[in-house]
Amino acid sequence: MSKNLVQKILHNHLVEGKMEQGNPIKIKIDQTLTQDATGTMAYLQFETLGIDRVRTDVSVSYVDHNTLQSGFENADDHRYLQSVAAKYGIWFSKPGNGICHQLHLENFGIPGKTMLGSDSHTPTGGGIGMIAIGAGGLDVALAMAGIPFEMTMPSVVKVHLTGKLPDWVSAKDVILELLRRKSVKGGVGKIFEYSGPGVANLSVPQRATITNMGAELGATTSIFPSDEQTRKFLQRMERVDDYRPLQADDDAQYDEVVSIDLSELEPMVACPHSPDNIKKVKDLAGMKVNQVAIGSCTNSSYQDMMITSKILEKNKVHPDVNLGISFGSKQIMEQVDEEGGLESIIRAGARILENACGPCIGMGFSPPSDSACLRTFNRNFYGRSGTKSAGIYLVSPETAAVSAIHGELTDPREFGQYTPIQEPDTYSRSTSLFLPPVPEGTEVEVIQGPNIAPCPVNTPFPDNYRNEVLLKVEDNITTDHIMPAGAKILPLRSNIPKISEHCFEVTDPQFPARAKEKGGGFIVGGENYGQGSSREHAALAPMYLGIKCVIARSFSRIHLANLVNFGILPLIFDRSADYESCTQGDVLYFENIESQLREKKVAIYNETRDETYHCTALLNEGEVDIILAGGKLNAMKEKLK
Ligand code: MIC
Ligand code: SF4
């Protein structure tokens, strides 16, 4: 039977289950990726599994999120990560080397392989023809131990590309157009597979920009075929042996088709505070801009940086603008320098930031109050930049650089002659900040500093439970609302008791105190609850504060899995009216949870309003066992017994 590309790769990796949409399947994972902000918890959990060495083809631990080291906390995390990597046969990428997704694409990505990463933008690997999926740290820890990854078989959307991008229109504009059409929840339960004659006109880094930001659609992942562009990319990286061509069969079937004519696209902008709040740049042109940031895992490739450099050449950054540039990798920085591009950037008055996530996760470079800030990043959630009153606008590097010169949002097509960027035949391979796995059998001591607390474990789920609704929130609540990041909170990622004090800080700073006073309780959420990052801290912190159940109108994929992993019951209201009626402070009650969960239906009684809410538990048998055991680690230990 003919297959699409997703089906081909999943079929090659299928361990259990039937590949029919909505079915639970288990797949073999070839590669894993972690970053420092999720990595410490992932490795603490991995260590409890008692495995001597990772059981993947390749596992890489990157340090890119928290590189400020404003106290001992991060430096200790990095030392712990380095020692764990050495002990268990994992590659280690030192701080300063670059951003995990860009680095992985350049150094490890292989068409046709599967990858699980403890970061929601892991689908960047889809740019090189991988099935690359973001997940919580625990799932990545299990994958490193060789345990297949379980997921619900997604539907496959064909994105049929025709035409060629016009000058000044960028890969970023392709994904912004898709976000305009589909919204931040339009991709939940789906994989986006790109095809059509337009694909050949996009380079691997351009494709990676598109698959990276597929995460903003809520998609499980996105993927491009592997073709001549892929071969050229791998050749430039001196890895041509990793190339293999991969295409869908001609008569492959899809669940849905979307068509985009690249030649009709225009420069786009995602307005505050959501990546799907899309307008055309020309319709907002003239808006005063105070800060511009170019970089992040979405737009920090050689092409992105060189076009920035060409635009800045012989120009000056506007006096009212601060322009910050972060290169995706040390290799890209060196290559841009070799081509003379760094000089133009520096002379124009840009600030060169570290090769790391930096401002994308609020690690410095926060914009001023009430300002408008252009960023080539992927997320503009409320408060994420560190300045609640600032408006973050997501744009392409072309739009960002031209606007930085003008001091106002400018359609880059007005800039003049477009200089196409030619990639070098080979990159000056820069690998000095990569530490390869040490040979098996080498004695390595794992060093754990005082900020690194053990990962807390939940208690078995109660059969009957009565407590208050501690918080009710609206639609599209992000993990940045639930467990904010930024320079003050991120250093606490290895310490759940401490970081829990900041849970829901953006929405309701009293939440942690209230949760402690009431001994836990319920959270009520709207649609797409927990969208955004893969951070399992958004489940771990509520768990630590005693939350037993989140009842929402719908959930994002990764957060739902993280809630289950840590023994918090996710339930979906059957009727929207019940969400409307249920109020913060109401007392809720359920009983006989095990038998109700086995039926996938749970009745919640609201004592305060004398109402019964009928809810659905989207959990398979294995997941019910996990909830009842108080989380995945407990359930695994039960099984091992
Ligand atoms: C993000 O972009 O939100 C992050 C920070 O990279 C997160 C991971 C984290 O919170 O550590 C993600 O995307 O998963
Ligand atoms: Fe880093 Fe931002 Fe990419 Fe997350 S989205 S991995 S914070 S650059």
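In this report, the structure presented in the accompanying data block is examined. Remember, predicted model here, so these are calculated numbers, not experimental data. (Residues numbered from 1 in each chain as written. Chains lettered and ligands numbered in written order. Predicted model: local features only at pLDDT ≥ 70, side-chain atom pairs only at ≥ 80, totals over all residues. Heavy atoms only, no water.)

**Some points on the pairing of strand 4 (residues 58–62)**
Thinking step 1. Taken across its five residues, strand 4 has five buried, putting it largely inside the fold.
Thinking step 2. Neither face of strand 4 is open: one carries Val 58, Val 60 and Tyr 62, the other Ser 59 and Ser 61, and all of them are buried.
Thinking step 3. In this structure, strand 3 (residues 31–35) lies alongside strand 4, joined through five bridges in parallel fashion. In the strand pairing of strand 4, Leu 33 is matched with Val 60.
Thinking step 4. Regarding the hand of the β-α-β motif, the stretch spanning strand 3, helix 2 (residues 36–47) and strand 4 is right-handed.
Thinking step 5. Sheet topology note: the strand 4/strand 5 (residues 91–93) ladder contains three bridges and is parallel. (Buried < 20%, exposed > 50% of the residue type's maximum accessible area, 1.4 Å probe, protein only. Helix = DSSP H or I, 4+ residues; strand = E, 2+ residues; numbered from the N terminus. Pairing = 2+ DSSP bridges. Right-handed = clockwise from strand over helix to strand, strands pointing away.)

**Details of the site of ligand 1**
Thinking step 1. Of all residues adjacent to ligand 1, which total 14 residues, the nearest are Asp 119, Ser 120, Arg 384, Ser 534 and Arg 535.
Thinking step 2. Here an oxygen atom of ligand 1 and a side-chain polar atom of Asp 119 are 2.7 Å apart.
Thinking step 3. Between ligand 1 and Arg 493 there is a distance of 2.8 Å, counted from an oxygen atom to a side-chain nitrogen or oxygen.
Thinking step 4. Taken by itself ligand 1 offers 340 Å² of open surface, and the protein chains cover 97% of this.
Thinking step 5. Partitioning the shell around ligand 1 into residue classes produces two nonpolar, seven polar and five charged. (Near = heavy atom within 4 Å. Polar contact = N/O pair within 3.5 Å; in protein donor to acceptor, adjacent residues only side chain to side chain. Areas by Shrake-Rupley, 256 points an atom, 1.4 Å probe, with all protein chains shown as cover. Nonpolar A, V, L, I, M, F, W, Y, C, P; charged D, E, K, R; others polar.)

**Remarks on the pattern of salt bridges**
Side chains bearing opposite charge may pair, as long as their charged atoms lie close to each other.
Thinking step 1. One pass over the full model with this rule turns up 37 salt bridges.
Thinking step 2. Notably, a salt bridge pairs Arg 514 with Asp 508, separated by 2.7 Å at the nearest N-O pair.
Thinking step 3. On the accessibility criterion, Asp 508 (14% relative accessible area) is buried.
Thinking step 4. Shared partners join several salt bridges into a network, and the residues in it are Glu 266, Lys 280, Lys 282, Asp 411 and Arg 413. (Salt bridge = Lys/Arg side-chain N within 4 Å of Asp/Glu carboxyl O.)

**Brief notes about the site of ligand 2**
Thinking step 1. Neighbouring residues of ligand 2: His 65, His 101, Asp 119, His 121, Ser 296, Cys 297, Cys 357, Cys 360, Ile 361, Asn 378 and Arg 384.
Thinking step 2. Among the residues making up the shell around ligand 2, the classes are represented as four nonpolar, five polar and two charged.

**Structural notes on the packing of helix 10 (residues 302–312) against helix 11 (residues 330–338)**
Thinking step 1. Their axes nearest at 10 Å, the elements helix 10 and helix 11 cross at an angle of 40 degrees. One way to sum up the angle between helix 10 and helix 11 is to call them oblique. In the crossing of helix 10 with helix 11, the sense of the turn from one axis to the other is right-handed. On the side of helix 10, the interface is formed by Tyr 302, Met 305 and Met 306, while helix 11 contributes Ile 332, Gln 335 and Val 336. (Axes fitted to C-alpha atoms, helices over the stretch in contact; angles between N-to-C directions. Parallel < 35°, antiparallel > 145°, perpendicular 65-115°, else oblique. Left-handed = near helix turned anticlockwise from the far one by under 90°. Contact = heavy atoms within 4.5 Å.)

**Quick notes on the pairing of strand 27 (residues 611–616)**
Thinking step 1. Bridge analysis of strand 24 (residues 569–573) against strand 27 gives two bridges, and the strand direction is antiparallel. Paired with Ile 572 across the two strands is Thr 616, which belongs to strand 27.
Thinking step 2. Pairing geometry for strand 26 (residues 601–606) and strand 27, over six bridges, is antiparallel. Note that in strand 27 the partner of Lys 601 across the bridge is Thr 616.
Thinking step 3. Between the end of strand 26 and the start of strand 27, which pair antiparallel, lie four residues, with Asp 610 showing a positive phi angle near 55 degrees.

**Let's talk about the sheet that holds strand 10 (residues 190–195)**
Thinking step 1. Strand order across the open sheet formed by four strands is 11-10-9-12, with parallel pairing between neighbours. The strands lining the two open edges of the sheet, one partner per strand, are strand 11 (221–223) and strand 12 (256–261). Going across the sheet, the axis of each strand differs from the next one's by a mean of 20 degrees, ignoring polarity.

**Topic: the nonpolar core**
Thinking step 1. If you look at the biggest cluster of nonpolar residues, it comprises 74 residues, and the most contacted ones within it are Phe 504, Phe 511 and Tyr 529.
Thinking step 2. The element best represented in this core is helix 5 (residues 137–144), accounting for six residues.
Thinking step 3. Ignoring anything within four residues of it in the chain, the contact list for Tyr 529 reads Val 473, Ile 477, Ile 482, Phe 504, Ile 523, Val 550, Ala 552, Ser 554, Phe 555, Ser 556 and His 559.
Thinking step 4. With 55 residues, the next largest nonpolar core counts Leu 105, Met 115, Met 305 and Ala 400 among its residues. (Core = buried A, V, L, I, M, F, W, Y, C linked by side-chain atoms within 4.5 Å.)

**A few points about the side chain of Gln 102**
Thinking step 1. Within the secondary structure layout, Gln 102 lies in helix 4 (residues 100–107).
Thinking step 2. The contact partners of Gln 102, leaving out residues within four places of it in the chain, are Ser 300, Ser 301, Gly 328, Ser 329 and Ile 332.

**Some words on the sheet that holds strand 2 (residues 24–27)**
Thinking step 1. Spatial strand order, 1-2-8: three strands in an open sheet with antiparallel pairing. In this open sheet, the two strands that pair with only one neighbour each are strand 1 (14–16) and strand 8 (149–152). Within this sheet the neighbouring strands show an average axis-to-axis angle of 45 degrees, counted without direction.
Thinking step 2. Across two bridges, the pairing between strand 1 and strand 2 is antiparallel. Paired with Glu 16 across the bridge in strand 2 is Lys 26.

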